Amino acid sequence: MHWADQLAEKIIERQGKEGGEANVKCQQTPSGGKHIGNLNDVARAYFPFKAVQKKGLKITFVHTTDDRDPLKDVPLKLPDLQGKFHFSKDLMDMAPYLGMPLCRVPDPFKCCKSWAEHFTKVWMDGVYLLGMHPKLYYVNKLYEEGKFEPYILKLFQKAQAAGKLVAKFQSTKSENYIPFDAICSSCGRLANIDSFDLKTHKVHFVCGGKSIKAKKSEGCGFVGEVDWKEGKLQWRIEWPALWGIFKTTYEPFGKDHFEGSWKSGMEIMREIYDLEPPIPFVYEFFLVNGEKMSASKGNVYLVHDMLKIMEPEAFLFYYTKRPEKQRDLELSRIWALLDEFDSAERVYFGKEQERTENRDENTKRMYELAVENKPEEYSRRIPYQFGASIVQLFNEEQCIAILKRMNHIETEKEVEMAKVRLKLCRNWIELYAPSEAKVHVLTIIEADEARGKLDAAQIKALSEFGAFYQKEHDSDKQQEEIKKIALENAISIQDFFKAAYQIFIGKERGPKLLPFLDVQNRDFVSKRLNGSS
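Analysis parameters
- Residues numbered from 1 in each chain as written.
- Predicted model: local features only at pLDDT ≥ 70, side-chain atom pairs only at ≥ 80, totals over all residues.
- Heavy atoms only, no water.
- Buried < 20%, exposed > 50% of the residue type's maximum accessible area, 1.4 Å probe, protein only.
- Helix = DSSP H or I, 4+ residues; strand = E, 2+ residues; numbered from the N terminus.
- Arc of directions from axis to C-beta.
- Contact = heavy atoms within 4.5 Å.
- Salt bridge = Lys/Arg side-chain N within 4 Å of Asp/Glu carboxyl O.

S.K.: What should I look at first to understand helix H16 (residues 444-451) in this one?
M.R.: Residues separated by three or four positions in an α-helix point in the same direction, a consequence of the helix having 3.6 residues per turn. Within H16, burial applies to Ala447, Ala450 and Arg451. Mapping the buried residues of H16 onto a view down its axis gives an arc of 100°, with all of them on the same face. Every exposed residue of H16 that faces more than 90 degrees away from the buried side is listed here: Ile445 and Glu449. Buried residues along H16 sit in contact with helix H17 (456-471), helix H19 (493-505) and helix H21 (522-530).

Take a look at the structure:
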């Protein structure tokens with residue numbers, strides 16, 4: 001059974017005991033451009049939600065944006081609304097706003113009402129493009145509407161117990177610490193409170209700044225009071241409060257939260273809020289090109305970046321894989337993911353079978369979860385690597401003609417799908433493709449120069465294959481002939497392929513050889529192999 005269906009069963013069982021409507025929740029802090037690793041929160045919530053819906057149970061899917069969190073730092077690069085990154089130093093100076101709630105920090109691009117609104121929009125646009133549509137809630141508005149009031153009241157009523165819990169999980173806090181911040185009415189920054197009044201619903205504070213990411217935001221020294229609504233529960237207290245507000249049944253989170261925030265959240269939920277925490281699900285982070293994504297390294301990728309090189313459903317398919325295993329998304333080999341998705345699509349429509357019945361069913365389920373609007377009938381997609389090869393050599397019209405000739409596409413829908421993928425392939429070549437995937441057919445002079453560097457056995461083998469290639473069109477027979485010719489000329493198959501690549505593209509490696517040759521003019525290929533072109 002797929003992991004999403006296993007979680008769906010737990011959600012249904014829990015809701016059967018508690019009654020009411022099930023709720024699945026995810027959240028993000030709009031601190032800047034949120035990368036595709038953060039998408040785990042949404043996808044790991046979306047798939048079980050979709051699985052519960054399929055079983056006919058009433059369920060809601062919500063996404064909160066933590067826009068009352070403070071501006072902790074300014075990333076090196078920030079994305080505009082189209083997902084294009086810009087150096088933050090070239091935008092407005094954000095230093096004066098450090099420590100202020102994100103909802104009250106101006107948009108550095110000056111196109112939205114606030115920093116929070118801008119980066120929430122960038123993030124949610126990516127989520128929606130993938131076919132996931134949780135209902136969005138701004139945490140700041142929940143405070144303004146009084147949704148947090150019952151939880152703030154319980155915190156203050158049990159302040160002594162809450163202080164002990166916070167100190168238990170944060171060694172830097174004392175048992176007298178109150179995990180609540182006020183928004184300074186003078187400078188607008190968050191400041192920890194020192195007392196509260198249960199009758200007036202006011203909190204007292206001295207604006208002395210806050211420690212944020214090993215730094216400290218500057219306080220203005222103002223001493224005063226504000227209403228509870230002009231304050232904020234600190235993260236360890238706020239997260240469980242959100243579970244209470246939405247009556248959350250299930251929420252996924254990364255392993256970084258498991259040891260800290262989740263364990264404290266469970267105790268706070270039960271001991272302070274008198275509620276049961278949701279069903280947890282811990283996922284493993286993934287790497288991109290073997291590295292963790294980091295704004296300082298400049299290797300942060302948005303959903304928008306991924307949709308330049310693959311279809312939305314193919315990208316979402318990546319998140320249907322087992323989430324407890326760390327994976328590496330290699331952009332230089334993105335075709336491998338596309339091949340896997342294309343194979344899953346064929347399995348789903350009965351055009352291909354997995355090795356076992358269990359794998360077959362799991363693959364079908366992965367495809368079903370990833371595709372928002374499943375087609376009624378199967379349409380072929382062109383192989384990604386092949387598309388990436390031909391799109392470098394021919395224009396779109398010529399590519400489509402080649403694909404039709406080689407029986408890769410036939411119907412009008414397949415033609416349209418091929419045009420989309422060819423565009424994606426072209427983007428991949430320009431953005432992420434390794435050098436061996438980039439092809440340029442050598443001129444006669446360049447080919448002769450490359451041939452001059454080959455040994456006699458390689459030249460003879462290529463010439464013999466050129467004569468065979470002229471008359472034989474079957475790729476399986478061509479492959480067998482290569483093995484035979486290589487053996488007869490006492491060279492390895494690898495040396496044969498290296499020699500062929502060198503006279504056609506000037507490299508020792510390249511796209512799959514036989515499909516690459518098949519898109520060229522047959523006479524040209526034969527002549528190039530035997531040295532006359």
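S.K.: I'm lost on the pattern of salt bridges in this one. Help?
M.R.: Pairing of side chains with opposite charge becomes possible as their charged atoms draw close. As enumerated under the stated definition, the model contains 34 salt bridges in all. Across the pair Asp342 and Arg421 runs a salt bridge, and its minimum N-O distance is 2.6 Å. Separated by 79 residues along the polypeptide, Asp342 in helix H11 (residues 334-348) and Arg421 in helix H15 (residues 412-431) bring together distant segments of the chain. Take Asp342: its relative accessible area is 6%, and that puts it in the buried class. With a shortest N-O distance of 3.4 Å, Asp360 and Lys364 are connected by a salt bridge. Of the two residues, Asp360 and Lys364 both sit in helix H12 (residues 357-370), four residues apart, roughly one turn of that helix. For Asp360, a relative accessible area of 9% puts it in the buried group. Through salt bridges with shared partners, one network takes in Glu311, Glu313, Asp342, Glu345, Arg381 and Arg421.

S.K.: Please clarify how the environment of Gln458 should be interpreted in this entry.
M.R.: With respect to the secondary-structure elements, Gln458 resides in helix H17. When sequence neighbours within four positions are dropped, the list of residues in contact with Gln458 reads Ile491, Asp495 and Ala499.

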